[in-house]
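Residue-level structure breakdown
Single-letter residue listing:
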Amino acid sequence: MNNEEERSLTRSNLDQLAELTEWLGLKHYMEVLMMPTNMEYTAPVSDENLTVTDTKFDNVPVRLYIPRKQSSGLRRAVIYIHGGGWCLGGVAMEPYDLLSRWTASKLNAIVISIEYRLAPMYHFPTQFEDVYTVVKFFLQNSVLAQYGVDPNRICVSGDSAGGNLAAAVAQQLLDDLEVKVNLKIQALIYPALQTIDLDLPSYKDNENKPILPKSLMVRFWSEYFTTDISLHDAMASNRHVSAESSHLFKYVNWSNLLPEEFKKDHVYTNPVYGSSRIAKQYPGFLDPRAAPLLADDTKLLGLPMTYVLTCEHDVLRDDGIMYVSRLKEAGVKVIHEHIKDAIHGAMIFIISPTDLALGHRVANQYIEWLNMNL
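Summarised in this report is the structure supplied together with it.

1. Notes on unusual backbone geometry
The step from Ala119 to Pro120 runs through a cis peptide bond, and the omega angle for that step is 10°. Residue placement: Pro120 occurs in the loop between β4 (110-114) and α5 (126-138). Here Phe124 and Pro125 are connected by a cis peptide whose omega angle stands at 10°.

2. Some points on the pairing of β4
Most of β4 sits inside the fold, with five of its five residues counted as buried. Pairing of strand β2 (residues 60-67) with β4, which is carried by four bridges, proceeds in the antiparallel orientation. Residue pairing for β4: Val62 is matched across the bridge by Ile114. Where strand β3 (residues 75-81) lies against β4, five bridges are found, and the strand directions are parallel. Residue pairing across strands places Tyr80 opposite Ser113, the latter belonging to β4. Traced from β3 through helix α4 (residues 94-107) to β4, the parallel crossover comes out right-handed.

3. Description of the packing of α4 against helix α15 (residues 357-373)
Two numbers describe how α4 lies on α15: the axes approach to 10 Å, and their chain directions differ by 40°. Overall, the two elements α4 and α15 adopt an arrangement that is oblique. For the crossing formed where α4 meets α15, the hand is right-handed. Counted together, Leu99, Trp102, Thr103, Lys106 and Leu107 of α4 and His360, Ala363, Asn364, Tyr366, Ile367, Leu370 and Asn371 of α15 form the full contact between these two elements. Broken down by class, the residue content of the contact of α4 with α15 amounts to seven nonpolar, four polar and one charged.

4. Here's the deal with α4
A rise of 1.5 Å per residue sets the reference length of α4, with its 14 residues, at 20 Å; its end C-alpha atoms lie 20 Å apart and thus fit the reference within 8%. In terms of burial, α4 is a largely internal element, eleven of the 14 residues being buried. Buried residues belonging to α4 abut β1 (50-57), β2, β3, β4, β5 (149-159) and α15. Positive phi shows up at Asn108, right after α4, with a value of about 50°.

5. What to know about the packing of aromatic side chains
For the coordinates displayed, the defined rule picks out 16 aromatic pairs. Taken together, a centroid distance of 5.1 Å and an interplanar angle of 40° make the contact between Phe57 and Phe137 tilted. Here the residue Phe57 occupies a position in strand β1, and Phe137 occupies one in helix α5, the gap between them amounting to 80 residues. Classification of Phe57 by relative accessible area gives buried; the value is 2%. Between Phe128 and Tyr132 the ring centres are 5.6 Å apart and the planes differ by 20°, which places this aromatic pair in the stacked class. In this pair, Phe128 and Tyr132 are both assigned in helix α5, four residues apart and thus about one turn of the helix distant. One aromatic cluster is present, formed by Trp86, Phe124, Trp221, Tyr224, Phe225 and Phe285 through successive ring pairs. Taking NZ or CZ as reference, Arg117 lies 5.0 Å from the ring centre of Tyr122, over its face.

6. Points about the side chain of Asp97
Along the polypeptide, Asp97 turns up in helix α4. Residue classification places Asp97 among the buried positions, given a relative accessible area of 7%. A polar atom in the side chain of Asp97 sits 2.9 Å from the side chain of Arg101.

7. Section: the pattern of salt bridges
Within this structure, the stated rule accounts for 19 salt bridges. Where Arg63 meets Asp97, a salt bridge forms, and the shortest distance between an N and an O atom there is 3.3 Å. Of this pair, Arg63 sits in strand β2 while Asp97 sits in helix α4, and the two are 34 residues apart along the sequence. Per residue, the accessibility class of Arg63 equals that of Asp97, and both read buried. Between Lys264 and Glu312 there is a salt bridge; the shortest N-O distance is 2.8 Å. Placement of Lys264 in the loop between α12 (260-263) and α13 (276-281) and of Glu312 in strand β7 (residues 305-313) is noted, with a sequence separation of 48 residues between them.

Definitions and cut-offs
Counting from 1, residues in each chain are numbered in the order their sequence is written. With pLDDT at 70 or above as the cut-off, local features in this predicted model cover only qualifying residues; side-chain atom pairs require 80 or more to be listed or tallied, and sums for whole chains, interfaces and linings still use all residues. Neither water nor hydrogens contribute to the side-chain values; these are computed over all heavy atoms in the structure. Secondary structure is summarised from DSSP: a helix means a run of H or I of at least four residues, a strand means a run of E of at least two, and numbering begins at the N terminus for each. Throughout this description, buried means an accessible area under 20% of the type-specific maximum (1.4 Å probe, protein chains only), exposed means over 50%, and partly exposed covers the range between. Only strands that DSSP links by at least two bridges are regarded as paired with each other. The definition of a right-handed crossover adopted here requires that, viewed with the strands pointing away, the path from the first strand over the helix to the second runs clockwise. An axis is simply a line fitted to the C-alpha atoms; with a helix, the fit covers only the stretch in contact. Between two such axes, the angle follows the N-to-C directions and lies from 0 to 180 degrees. The cut-offs work like this: below 35 degrees is roughly parallel, past 145 is roughly antiparallel, 65 to 115 is roughly perpendicular, and the gaps in between are oblique. Left-handed describes a crossing whose near helix is turned anticlockwise from the far helix by less than a right angle; the clockwise case is right-handed. Two residues qualify as a contact provided that any one of their heavy atoms is within 4.5 Å of a heavy atom in the partner residue. Throughout this entry, Asp, Glu, Lys and Arg are counted as charged residues, while Ala, Val, Leu, Ile, Met, Phe, Trp, Tyr, Cys and Pro are counted as nonpolar. The remaining residues, Gly among them, count as polar. Multiplying 1.5 Å by the residue count of a helix minus one yields the expected span of that helix. Aromatic pairing here means that ring centres of Phe, Tyr or Trp (its six-membered ring) are within 6.5 Å. Orientation follows from the plane angle: under 30 degrees is stacked, over 60 is edge-to-face, and everything else is tilted. In this scheme, Lys NZ or Arg CZ marks a charge over a ring once it lies within 6 Å of the ring centre and within 35 degrees of the ring normal. Within 3.5 Å is the distance limit for a polar contact, defined as a pair of N or O atoms, with the added protein rule that one can donate a hydrogen and the other accept it, and that residues adjacent in sequence qualify only through two side-chain atoms. Salt bridges are identified by distance alone: a Lys or Arg side-chain nitrogen within 4 Å of an Asp or Glu carboxyl oxygen.

The structure is reproduced here in structure tokens:
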């Protein structure tokens, strides 16, 4: 049995345990899924290459990675936002800690990894606001000077739900007149970008694929906004958007936004609308800060050069690809890297040399792109 199969089996067993525990009323589903995350906690250990500390930026916890290596000038900086469906994960998880160490060491750059609050205890827009608070705080010239960061060489990056938050932050910064420093680039790793069509070709093709089956992604989306099961049920049937919001579907119409190779044999059908009660009760899922693909075309103008990494065997594949299409149409320079042999979460499988080789390859491609463009 290879590592991917072992992880898939473990995840399947954990899902079953979580469902049973929640059904018995003992723990929330996400509390059970969080258990492996807690077991992967790593302390902020400095070494000969990096000074690593846990601190706070404007009262939001972050983990800082500062290279010890001398720099001939001001350093680059990467603001990183971890994944986990807005419900799981953390900066201290071993894979994220290792990824941040790699990034800081290979780029001789400062890395700020953000510990935003999680659902189900906190719902949208808390996660977005935590991340935005850190980014806005860091982009102050006085803070950049304190850490010796070049204001012209800053990146915001994230994977999965973190990619969602990174994309939303980049959009929001464009309208914030208080922020004088611009991001140079953004890097979105298999990002979740839209809430209104959960029956895209990628959702159908990868409904039961490892790590992130459709059922889990739908649960993540619904938990981001509420613990009310009615939203989850509506999302699971893809009938959570009312006719009043029908105009938003043009932003996620995969028949127009997906290249032919990703449409495969799927045929686009018009959306089936649901009750307006859901959107009135939980309007967050129609907010571009939660679903960056729902931003109007004019809101995409001025975004920094963007790197989007997608994986073939991933329910979120088409979210990233559609965003690539829309950014290109808006005149934003976009680099799209599609990994045909990868599943969701591939980049963080870099815990050891004996782990998934694909993870090392994907992570190295990502860091190489950062090195060339930041």
